[in-house]
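Fold and geometry: a report
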Amino acid sequence: MRRHHLSEPVLDALNSVTEDEEAVGFLLDAESSRRLLLLRAIRDAAADADDVRRAWPLLEAAERADPAVFRTVLLDPQVGVWAASLLRRLSRPDPAATADEPPLRVELGFLGQLAAAVFIAAGVDFRARVPVRDGRVFLPGLGRATVGGESWGTAEVWGQDGTIRVAAAHVTVTLPDDTENDVPGWEGQRRLRAEHAGMRLTLTLDDLGPYAPVPALAVPGRLSSAQFASWQNWFARLWPVLVNDHVVSARALATGLRSVVPLPRGERLRARAASSSDAFGCLLLSEPDEDEDVLPAQLGAAVVHEFRHTLLNGLIFLMPLFEDCDELFYAPWRDDPRPLGGLVHGAYAFSGVARYWRTRGAEGLAGFEYALWRSAVRGVLGTLREHPTLTPPGHALVDSLDEQTTGWHAEPVGVREQRLAHLATVHHRATWRAHHLQVPTAHAEELAEAWSARQQRGHAVTRHPEPALRADPQACRLDTLALLARLSLVAPGEFDALRAAEDPARTVPGVVPADLALVDGDATTAVKLYGEELSGPGARPAAWAGLGLALTECGERAAGNALTRHPELALAIGHVLPTPPDPVLLAHWLAQ
């Protein structure tokens, strides 16, 4: 371990909308040192534990045997998640196992698994005692042996003359020469490989690791050979796109990516992706939609997006970018209100996503995504620019992103693409306001009374208190118009079939006919359909946002703006009145 100096060129490279190979290498060095500190902290916190006393000398011997291999295994994302979660557990007043945790000795015994993995990869003879988790022994970067026996038993792992065995109870598993291969009792950790124009990408497809980088996301477990082949095919198609059109990013990705955790396919055009601050270089990705023309580019955007979160996490470990802040904010990429750190992360990730799509053209999906995300980044940077809880490095990051993205907003994209991006942007923000901003009850009653008396709003209501932020857990799928915009661009036949369907929500959750009419440019029909929904019981908050956009496209700009800028007022009035108001008349009244 050594000291790390964040030089000005590296910091400039990190404060950029583009990924940089040298900066990634620096962060990897720093992450290696951080992992060593985590190991030392674990040893210090549990120095008296038998598993630590037994495994620590093995770990030291493993590092001496082959420092390069030791570093590679140390940087495995599974090791990072294990070390960080274990240290948090050891920091509790009582680290004993809760109902959903393995015994503490099993977690401490992972030190032996780590040492064994290094010895095996280095080709050095050894013998180690390791814990068994649910009848299995996981060796980071190598694979998993099934030995049965007790759920939390003990196994022996040893290597002699190039032969590796794992044994427990009456079961002995012999590893194959190529540990990526499967043999009875052994599941190998498989690698995704791609090569183009002399540039190679190699990363682990992690469907075996016992530590979930993001516990809230359920992973599918071991993939079949056919499923693995699909992932291999997707990355083989992705890599030429990155190398040919985003070569600087490709070099950085080849340096820093370590693993992909596969997630099940989600809803149509609602792919899921995530990353973890504890798992540098690990991406969680759902199976992509197989739209042949755009799949490689869409997957590339997801990879760049999550990798930028990894880079920012690495930077934050070295220097704080913001102080604690209790405020919650609007984020154009989320359904829920987000803390300040979430805004910083989003601005950083999506500035890279916008730059990625900018490179890919001004029309079609690329033009829409570029227009959508440059607008999102601009709005969030405006929120962050003068926020007092940003540290000086945080302000420098925001200023740098702002400077690099300012000129983007004058760049033309296709007329259709810009319209769709505008609809998606305005609809998301307005729907978010309708869900999460609560008008004070007294003000809502005053407005409802004035409306019922058909008084001029400006004369009858003089107070305009700010609504309170109250997070609505029912807010979901606020990206409906963005999803429909993408569908209309990449699969127009599907979009037309959806528009003709009596109940489109059976095919695409969250979609109603009015949304489809609005995206399709039939604003008159959209006004009628939104109006019918809002005139009956159980109307969605999103319907006020949709009606506002439809009215605007029909030329009733003032009424439309009243609903898209402050839909929470219309929603509050509707809640107070005994029967739903005429939504179009209410929109015009609110515009007075």
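In what follows, the accompanying structure is described. Note that the structure is predicted; figures quoted are calculated from it, not measured.

1. A word on the overall build of the protein chain
- When you go through the protein chain residue by residue, the secondary structure sums to 24 helices and 14 strands.
- In summary, the protein chain has a C-alpha radius of gyration of 27 Å against a globular reference of 25 Å for 592 residues, a match within 12%.
- A burial count over the protein chain gives 54% of its 592 residues as buried.
- Contacts spanning at least 24 positions in sequence make up 68% of the contacts within the protein chain whose residues lie at least 6 apart.

2. Topic: the sheet that holds strand β7 (residues 186-188)
- Strands sit in the order β2-β3-β7 across an open sheet of 3 strands; the sheet is antiparallel. Two strands lie at the open edges of the sheet, namely β2 (136-139) and β7, each paired on one side alone. The average angle at which neighbouring strand axes cross in this sheet is 15°, direction not considered.
- As defined by bridge partners, β2 adjoins strand β3 (residues 143-146) across 4 bridges and the pair is classed as antiparallel. For Arg136, the partnering residue across the bridge sits in β3 and is Thr146.

3. With respect to the sheet that holds strand β11 (residues 273-274)
- Pairing in this open sheet of 5 strands is mixed, and the strands run β8-β9-β10-β12-β11 from one edge to the other. Two strands bound the open sheet, and with one partner strand each, they are β8 (191-196) and β11.

4. What to know about helix α13 (residues 392-405)
- With 14 residues, α13 extends 20 Å from end C-alpha to end C-alpha; this agrees with the ideal 20 Å at 1.5 Å per step.
- Packed against the buried residues of α13 are α1 (8-14), α10 (295-318), α11 (340-359) and α12 (364-384).

5. Topic: unusual backbone geometry
- Unlike most non-glycine residues, Ala169 shows phi in positive territory, near 55°.
- With respect to the helices and strands, Ala169 occurs in the loop between β5 (163-168) and β6 (171-174).
- Here Ala197, not a glycine, exhibits a phi torsion of approximately 50°, which is positive.

6. Topic: the packing of helix α17 (residues 480-490) against helix α18 (residues 492-500)
- The N-to-C vectors of α17 and α18 enclose an angle of 125°; their axes lie 5 Å apart at closest approach. Taken together, α17 and α18 sit at an angle that is classed as oblique. Residues Leu484, Leu487, Ser488, Leu489 and Val490 of α17 touch α18, and the partners they reach there are Pro492, Glu494, Phe495 and Leu498.

7. So, the pattern of salt bridges
- The full count for this structure, using the stated rule, is 41 salt bridges.
- Here Arg34 ties to Glu31 by a salt bridge, and the two come within 3.0 Å at their closest N and O atoms. Within this pair, Arg34 and its partner Glu31 are both found in helix α2 (residues 21-45), separated by 3 residues, close to a single helical turn.
- You can call Arg34 buried: its relative accessible area is 16%.
- Residue class for Glu31 comes out buried when judged on its relative accessible area of 3%.
- The residue Glu31 makes a salt bridge to Arg35 at a minimum N-O spacing of 2.8 Å. Taken together, the residues Glu31 and Arg35, both in helix α2 and 4 residues apart, mark about one turn of the helix. Neither Glu31 nor Arg35 differs from the other in exposure class; each is buried.
- Each of the salt bridges in this network shares a partner with another, and the network as a whole consists of Asp182, Arg190, Asp207 and Arg222.

Reading the values: the criteria
Residues numbered from 1 in each chain as written. Predicted model: local features only at pLDDT ≥ 70, side-chain atom pairs only at ≥ 80, totals over all residues. Heavy atoms only, no water. Helix = DSSP H or I, 4+ residues; strand = E, 2+ residues; numbered from the N terminus. Rg over C-alpha atoms; globule rule 2.2 N^0.38 Å. Buried < 20%, exposed > 50% of the residue type's maximum accessible area, 1.4 Å probe, protein only. Contact = heavy atoms within 4.5 Å. Pairing = 2+ DSSP bridges. Axes fitted to C-alpha atoms, helices over the stretch in contact; angles between N-to-C directions. Expected span 1.5 Å × (residues − 1). Parallel < 35°, antiparallel > 145°, perpendicular 65-115°, else oblique. Salt bridge = Lys/Arg side-chain N within 4 Å of Asp/Glu carboxyl O.

Taken by themselves, the reported measurements are silent on function.
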